[in-house]
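Structural characterization, general
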Amino acid sequence: MIAVSNALPKDEILHGNCVEIMASLPEGSVDLIFADPPYNLQLGGDLHRPDNSKVNAVDDEWDQIGDFDAYDLFSCGWLEEARRVLKDDGAIWTIGSYHNIFRVGTFLQDMGFWILNDVIWRKSNPMPNFRGTRFTNAHETLIWASKHKHSKPTFNYQAMKALNDGVQMRSDWTLPICGGGERLKAADGKKAHPTQKPESLLHRVILASTDPGQTILDPFFGTGTTGAVAKKLGRHFIGIEADEGYIDVARRRLAAIEPGRGDAIAVTQSKRSLPRIPFGALVEAGLIKPGDTLYCSQGRRTARVRADGSVSSGTESGSIHQVGARVQAAPSCNGWTFWHVRRHGNLMPIDVLRSKIRAEMEV
């Protein structure tokens with residue numbers, strides 16, 4: 001029986017079996033899990049390039065789980081503990097290829113996780129299929145799931161939009177595989193880890209689904225990409241890794257990273273996550289006075305402000321949204337952007353005044 005500790009080992013790499021170590025962590029203690037489990041590739045025979053040089057395939061012992069039954073037992077084991085340590089509003093990302101991701105996805109759903117998205121990581125520089133017997137494997141699949149159907153996991157929608165030049169982020173991500181100076185090398189000059197993930201991939205995952213100060217658990221830590229990006233973005237990490245050689249590489253990597261702080265790691269917030277400000281609060285604060293006139297952006301439609309925060313226009317009265325919709329004969333209206341006030345001879349959206357109150361609340 002493994003004793004459960006009340007203390008969360010933040011910013012540490014824990015050596016050992018991921019199921020056993022997760023069992024020692026407090027229930028409902030981590031905000032996000034990123035899992036890059038063994039794919040159980042079981043490749044047959046050596047693989048050579050056209051020039052007859054050998055391709056270093058993934059044939060490490062840690063990736064050789066066994067047949068489908070063995071892999072299913074392995075998957076259920078770590079997923080059960082992952083779900084236990086995840087907060088109720090937490091989420092999990094897991095990545096895989098066609099060898100394993102569909103089996104992992106099945107168990108996620110069977111255990112009660114709620115799938116939010118499947119994301120295709122399209123590799124801009126994939127390794128070719130040298131045998132010419134299949135299509136080039138140019139992508140991997142990530143599954144993003146919340147702990148429950150009714151969980152409210154973090155999603156920094158506006159930050160993802162900002163990262164994508166102001167356009168809504170799609171579920172197909174074109175990113176290069178890890179290479180160049182980012183690829184960690186062992187003492188003999190060979191790859192330190194055969195499946196090292198690029199930091200760009202983890203940057204997007206962590207920025208999308210955590211806030212600064214939150215804790216990310218990676219049960220298959222490898223050479224520490226999750227920890228490296230978490231540290232740069234001002235998040236905490238917990239890494240679990242069975243291979244001491246990978247741990248040594250990860251520790252050296254992490255020691256060289258300066259943690260992100262302050263405004264540099266601030267996330268563009270979605271309006272849904274901001275404190276709710278009713279229109280009446282602007283009246284109470286004196287930013288808009290009873291009797292003031294509101295205008296549409298063209299100045300053709302007007303409404304009169306009332307003391308209780310409602311507005312009237314002709315025979316119509318109600319909230320800024322209701323009256324805005326009625327004067328346009330529209331099914332709905334965002335009154336914050338539709339209505340304007342006149343200041344210094346110019347029309348200004350009332351949403352600017354709402355932002356002023358929010359800024360004062362933050363101070």
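Residues numbered from 1 in each chain as written. Predicted model: local features only at pLDDT ≥ 70, side-chain atom pairs only at ≥ 80, totals over all residues. Heavy atoms only, no water.

An ideal rise of 1.5 Å per residue puts 26 Å on 18 residues; helix α2 (residues 68-85) measures up with 26 Å between its terminal C-alpha atoms. Considered for burial, the residues of α2 that qualify are Y71, D72, S75, C76, W78, L79, E81, A82, R83 and V85. Considering only its buried residues, α2 is in contact with α1 (18-22), β2 (30-35), β3 (86-96), α3 (101-110) and β7 (215-218). Looking at where α2 begins, the residue whose side-chain oxygen comes 3.2 Å from the main-chain nitrogen of D69 is D67. (Helix = DSSP H or I, 4+ residues; strand = E, 2+ residues; numbered from the N terminus. Expected span 1.5 Å × (residues − 1). Buried < 20%, exposed > 50% of the residue type's maximum accessible area, 1.4 Å probe, protein only. Contact = heavy atoms within 4.5 Å. Polar contact = N/O pair within 3.5 Å; in protein donor to acceptor, adjacent residues only side chain to side chain.)

Counting buried positions over the eight residues of helix α6 (residues 225-232) gives six, a clear majority of the element. Where α6 is concerned, the buried positions are T225, T226, G227, A228, V229 and A230. Those residues of α6 hidden inside the fold are in contact with β2, α5 (199-209), β7, β8 (236-241) and α7 (244-255).

Our next topic: the confidence of the model for the chain. Per-residue confidence for the chain averages 89 on the pLDDT scale, and 90% of its residues sit at or above 70. This stretch, residues 45-50, has a pLDDT under 50; its non-local contacts, to residues over four places away or in other chains, come to 16 contacts. (pLDDT = per-residue confidence, 0-100.)

So, about the sheet that holds strand β1 (residues 12-15). If you trace the eight strands from one edge of the open sheet to the other, you get β1-β8-β7-β2-β3-β5-β4-β6, paired in mixed fashion. Strands at the two margins of the open sheet, each flanked by one partner only, are β1 and β6 (172-175). Strand-to-strand twist of the sheet, defined as the mean angle between neighbouring strand axes without regard to direction, takes the value 20°. Here two bridges tie β2 to β7, and the two strands are oriented parallel to one another. By the bridge assignment, I33 is partnered in β7 with L217. (Pairing = 2+ DSSP bridges. Axes fitted to C-alpha atoms, helices over the stretch in contact; angles between N-to-C directions.)

Right, let's get into the packing of α5 against α6. Contact pair α5 / α6: the axes reach a minimum separation of 9 Å and the direction vectors enclose 55°. Considering their axes alone, α5 and α6 lie oblique with respect to each other. The handedness of the crossing between α5 and α6 is right-handed. Listed contacts from α6 to E199, L202, H203 and I206 of α5 are T225, T226, A228, V229, A230 and K232. Split by residue class, the contact of α5 with α6 holds five nonpolar, three polar and two charged. (Parallel < 35°, antiparallel > 145°, perpendicular 65-115°, else oblique. Left-handed = near helix turned anticlockwise from the far one by under 90°. Nonpolar A, V, L, I, M, F, W, Y, C, P; charged D, E, K, R; others polar.)

Turning our eyes to something else, we now look at the pattern of salt bridges. Per the stated rule, a full pass over the model turns up twelve salt bridges. Here E316 ties to R326 by a salt bridge, and the two come within 3.6 Å at their closest N and O atoms. With E316 in strand β12 (residues 316-318) and R326 in helix α9 (residues 320-328), this residue pair connects regions lying ten residues apart in the sequence. Owing to a relative accessible area of 41%, R326 belongs among the partly exposed residues under this scheme. What you see here is one network of salt bridges that share partners, running through E199, K232 and R253. (Salt bridge = Lys/Arg side-chain N within 4 Å of Asp/Glu carboxyl O.)

On to the side chain of K197. Examined against the element boundaries, K197 turns out to sit in the loop between β6 and α5. Its relative accessible area of 7% is what places K197 among the buried residues. Among the polar contacts listed, one links the side chain of K197 to the side chain of D36, at a separation of 2.9 Å. If near-sequence neighbours (up to four positions away) are discounted, K197 is found in contact with D36, Y39, I95, W121, E140, C178, E182, L202 and T225.

A few words now on the pairing of β8. Here β8 lies mainly inside the structure; five of its six residues are buried. As judged from the four bridges shared by β1 and β8, these two strands associate in the parallel manner. Its bridge partner being in β8, H15 is matched across the sheet by E241. By the bridge criterion, four bridges tie β7 to β8 in an arrangement that is parallel.

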